[in-house]
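Structure assessment
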Protein chains: 2
Amino acid sequence: MSAYEDLMAFQRQTEALSQISGRLGWDQETMMAEGSAPQRAEEHAAMASVLHARRVDQRVGEWLEKAKATDEVAAANLRHIRRSFERTAKVPAKLAEEIAKTTSLAHRIWAKARAEDDVATYLPVLDKVVKLRQEEAVALAQGGDLYDALLNDYEPGATGAELEAMFRALRPRLVALRAAVLDQPKPMGLSGTFDEAAQLALSTKLALAFGYDMNKGRIDKAVHPFSSGSGIDVRITTRTNPADPFNCFYSTIHEVGHACYEQNIDEAYLLTPLGGGVSMGVHESQSRIYENQIGRSRAFTGWLYGQMRDSFGDFGIANEDTFYACVNRVNDGFIRTEADELQYNLHVLMRFDLERALISGDLAVKDLEAAWNDRFKADFGYAVDKPSNGVLQDVHWSEGLMGYFPTYTLGNVFAGCLNEVMRGAVPTLDADLAKGDTSKAVAWLRDNVQCSGGLYEPKDVITRACGFVPSEGPLLNYLEAKFSGIYGL
Amino acid sequence: MSAYEDLMAFQRQTEALSQISGRLGWDQETMMAEGSAPQRAEEHAAMASVLHARRVDQRVGEWLEKAKATDEVAAANLRHIRRSFERTAKVPAKLAEEIAKTTSLAHRIWAKARAEDDVATYLPVLDKVVKLRQEEAVALAQGGDLYDALLNDYEPGATGAELEAMFRALRPRLVALRAAVLDQPKPMGLSGTFDEAAQLALSTKLALAFGYDMNKGRIDKAVHPFSSGSGIDVRITTRTNPADPFNCFYSTIHEVGHACYEQNIDEAYLLTPLGGGVSMGVHESQSRIYENQIGRSRAFTGWLYGQMRDSFGDFGIANEDTFYACVNRVNDGFIRTEADELQYNLHVLMRFDLERALISGDLAVKDLEAAWNDRFKADFGYAVDKPSNGVLQDVHWSEGLMGYFPTYTLGNVFAGCLNEVMRGAVPTLDADLAKGDTSKAVAWLRDNVQCSGGLYEPKDVITRACGFVPSEGPLLNYLEAKFSGIYGL
């Protein structure tokens, strides 16, 4: 066997073990009894230790030195493996351990602090997390930008400066659009209760309508919906709330977007570095375009309205137009994960600026809450009422995930670009969606984005699909047109 | 850290990884979509390779040389680890691989052969399996008895000679009892259909009634019921058949017996070699005493009758006595897994004699079917009608599991002994069971059998619990008394 073949055989086992590790997480959130948690913690730790040993295995370094890429696929595989190997090599083992231990502790302290609205007990451990991640960034950046070094774990090739420029263009127009919309009378909301079994049945119908392959996955309930796994075993979860069936339906469609990306990757890449979504931003572009540009479109919601009437009878919404406005209703609110399509990115933009300032040292952890509250007031026009609705709301920083937040908005920006091109490529799109038929849309996304998996760099995936370098323009145009229409601006 | 502590830390991770491997199997039988099978096969192989590497890790040998046992628990841990390490060391890696490959192939050929009632295409690969297992037995036995070497994987310390003596004493009295019972008029059977959701609800009630802890496990449906896992995550499965609710209820109680054994082991042994059931025979003793001596007793079936009336209304059985006879009805049949308490051991005894003759070389694979059919006719009085009802019915030999079958009957023999002593120790037992209260019985089994896990050798576990060396007498006395009573012999 050649060095490349040896390396790939080793890597294939590593990928299989990673899949198992992910499946344990799925099991924990969906199936495992609560009393089993202490044992599961040891199982997770054992798998992490096995995976770590493989990541630092010196044979990988030797194979990488000798391996030669004979084609584009091999070159991409080597790029991924080299990136991961070099990343691990740059960070001292002691520091990596310290980060793992501290974030695990910080996560527990954060959960308690959020429940008790108690910022003070959280900030010391967050300060420790920030300092450790800065230290890691110094090791990774080797003289380059610290934030970029962290960002690249989630979005290879992206830079903070480039995102800053993009986000700076987004912010004023989003703030203005939001203010204009909230100045108008609110569309009607849902009222009453909606049978949960019927919600789940329609949720499954929606998953199938978007092309989710139940023969290579399954749908279960979870407190926080997620999708899990790559290759031919990609599972999703959803949730139900008797008062809010949209939560169920759009959680499902969002997770189906993530899951279809994984399911639609070329099967030749199964259990290789190319066999998973290429970045968080590209992943989010798929979940968001399924959920928003398709799922919350006038055409598709017209079909969904009929489905809901079939499932729940008359639920107090008189016609498709009212239903469309109801689905896309914009409300005041503090919480990112509950935000609508219009306001969501404003939540992300402020986190991006704040975490970048934390990592650069321009913002001290002790000043974080004040900075958060000032920024929120500036963009949303009202004050944060309590820390659990403000700086304590997200899990990310406690887990050390600085650099992750901007990929949410980057995904929305990508989705905006893809939507523009997809609408050109599928001229019958609205007529199809009005019948609940997403097949041409998801086929276009499969062939132009999803199937290449990790073959190209993230930004290149979108550039190849669109024929232009992605920018914030299409997303802004789309949002302004959509919400002006609904709110008669 | 001392050598013992190093070894135990390593072993603890190995045990955690084994639990994960078992959980993958559970997932495959209960949750995984069919289309995910090829990926799962690679995941299994990757875990097997990780576990194999740990089993042959030379550090284990070095630690074992230096480690000193300072108490009974440490001595037992070292005994288990040493046994497993030495077993692996004795078998050449090439032979182990060949066995794994051949049994995997044989399993597929067997499944097809059974479906098509085609012995001829199965025998060549079975012959190969037998020869490989003989070769392995030679490596393991180091001059000792070949069959014992295989048997000891499932029942450490047991010998074929000892089992032969025990089974020779069982056979004539079982054959005679069976013939006498089948000479009598048959008790009434069940008729009609039984709602499957109601079966599952009552099945869960039964599991709880026997002390199964749902906070450290769960119940799902599977084609072939099983229990899975050790420690504080022990899951069971059951099945439903609209015409046969007893299949569901007694599958559940059987698996609950296995699961409670695992759940009731001293938590101090979690993820150590002592943290699982000590042998197949002792395991089966627990599943069988829950299922038969308790679950099919006159007292407990009296309570179950009321439960079934509550769940299904009048189902055509007039009273508790008729119901008791119905539960314990003895039918003609070819299939071991469908056999009642009385006939079950006759199925096992013939397999034990046949597989022992295969391993010793006294019986050639080409003569196996004839030997099977002759023996069946002798013990059951009628001829096997087709191979899928005869020599092709069981999965075991295709998987190379020679030495496994006798542990089923050994478990029944152990259950017979335990039942005799338990009835003495719990004088109110029948009065309790008549109210569906198993608590004193399962507490006795927990304290006298289950909690010690792997601390003692299998036979010693039963001897300590009973105060005498286990033998076939109590089982025979119990069966003769029970079936004479039901059938008025």
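Relevant structure appears above.
Across its full length, chain A carries 20 helices and three strands. Residues classed as buried in chain A amount to 45% of the 489 residues present. Summarising the internal contacts of chain A: among those between residues at least 6 apart in sequence, 73% fall at separations of at least 24.

All names here are of chain A. Taken together, three strands build an open sheet; the order of strands is β1-β3-β2 and the sheet is mixed. This sheet does not close on itself; its edge strands, each paired only once, are β1 (219-221) and β2 (227-228). Both β1 and strand β3 (residues 235-238) contribute to a ladder of three bridges, which runs parallel. What sits directly across from K221, in β3, is T238. Helix α10 (residues 245-263) rests against β2 and β3 of the sheet, and its axis sits at about 165° to β3.

Glancing now at the pairing of strand β3 (residues 235-238) of chain B. All names here are of chain B. Where burial is concerned, the two faces of β3 agree: the one with R235 and T237 and the one with I236 and T238 are both buried. As paired elements, strand β2 (residues 227-228) and β3 share two bridges and run antiparallel to each other. What sits directly across from S227, in β3, is I236. Taking the residues between adjacent antiparallel strands as the criterion, β2 and β3 are bridged by six residues, where G229 takes a positive phi near 100°.

Attention shifts here to the relation of the copies chain A and chain B. By a simple turn and slide, chain A fits onto chain B: the slide is 0.0 Å along the axis, the RMSD is 0.0 Å, and the turn is 180°. Accordingly, the operation relating the two chain copies is best matched by a two-fold axis. Taken together, the interface assignments show that 100% of the residues at the interface of chain A recur at the interface of chain B, consistent with an identical surface on both copies.

Okay, unusual backbone geometry next. Notably, A:Q142 is not glycine yet its phi reads approximately 45°, a positive angle. Here A:Q142 shows up in the loop between α6 (123-141) and α7 (146-154).

Tallying the contact residues gives 33 residues for chain A and 33 residues for chain B. Elements represented by at least two residues in the side of chain A that touches chain B include exactly α1 (3-30) and α2 (37-55) of chain A. The biggest single contributor to the side of chain A that touches chain B is α2(A), with nine residues. Broken down by class, the residue content of the side of chain A that touches chain B amounts to 15 nonpolar, nine polar and nine charged.

To continue, consider the packing of helix α14 (residues 344-360) of chain B against helix α15 (residues 368-380) of chain B. Residue and element names in this part refer to chain B. Where α14 meets α15, the axes come as close as 10 Å, and the angle between the chain directions of the two elements is 150°. Judged by the inter-axis angle, α14 sits roughly antiparallel to α15. The crossing of α14 and α15 is right-handed. Taken together, the residues of α15 that come into contact with α14 (itself represented by L346, M350, L354 and L358) are L368, A371, W372, R375, F376 and D379. Here the residues of the contact of α14 with α15 sort into eight nonpolar, no polar and two charged.

Okay, the nonpolar core next. Within the largest apolar cluster, 101 residues are counted, with the highest numbers of intra-cluster contacts made by A:L126, A:F210, A:V256, A:F414, A:L418 and A:I462. With 99 residues, the next largest nonpolar core counts B:V125, B:L206, B:I289 and B:M308 among its residues.

All names here are of chain A. The contact between helix α3 (residues 58-66) and helix α4 (residues 72-90) brings their axes to 11 Å, and the two run at 140°. In terms of orientation, α3 and α4 fall into the oblique class. Handedness of the α3/α4 crossing: left-handed. Counting all contacts with α3, which are made through V60, G61 and L64, the residues of α4 involved are L78, I81, R82 and F85.

Attention shifts here to the sheet that holds β3(B). All names here are of chain B. Ordered by their spatial adjacency, three strands build an open sheet running β1-β3-β2, and the pairing between neighbours is mixed. Across the chains shown, the open sheet's two edge strands, defined by having one partner strand only, are β1 (219-221) and β2. Across the face of the sheet, helix α10 (residues 245-263) comes into contact with β2 and β3 while running at roughly 165° to β3.

Rules behind the numbers
- Residues numbered from 1 in each chain as written.
- Chains lettered and ligands numbered in written order.
- Predicted model: local features only at pLDDT ≥ 70, side-chain atom pairs only at ≥ 80, totals over all residues.
- Helix = DSSP H or I, 4+ residues; strand = E, 2+ residues; numbered from the N terminus.
- Buried ≥ 20, exposed ≤ 12 C-beta atoms within 10 Å, placed from the backbone.
- Contact = placed C-beta atoms within 7 Å.
- Pairing = 2+ DSSP bridges.
- Axes fitted to C-alpha atoms, helices over the stretch in contact; angles between N-to-C directions.
- Least-squares fit on C-alpha atoms with pLDDT ≥ 70 in both.
- Nonpolar A, V, L, I, M, F, W, Y, C, P; charged D, E, K, R; others polar.
- Parallel < 35°, antiparallel > 145°, perpendicular 65-115°, else oblique.
- Left-handed = near helix turned anticlockwise from the far one by under 90°.
- Core = buried A, V, L, I, M, F, W, Y, C linked by C-beta atoms within 7 Å.

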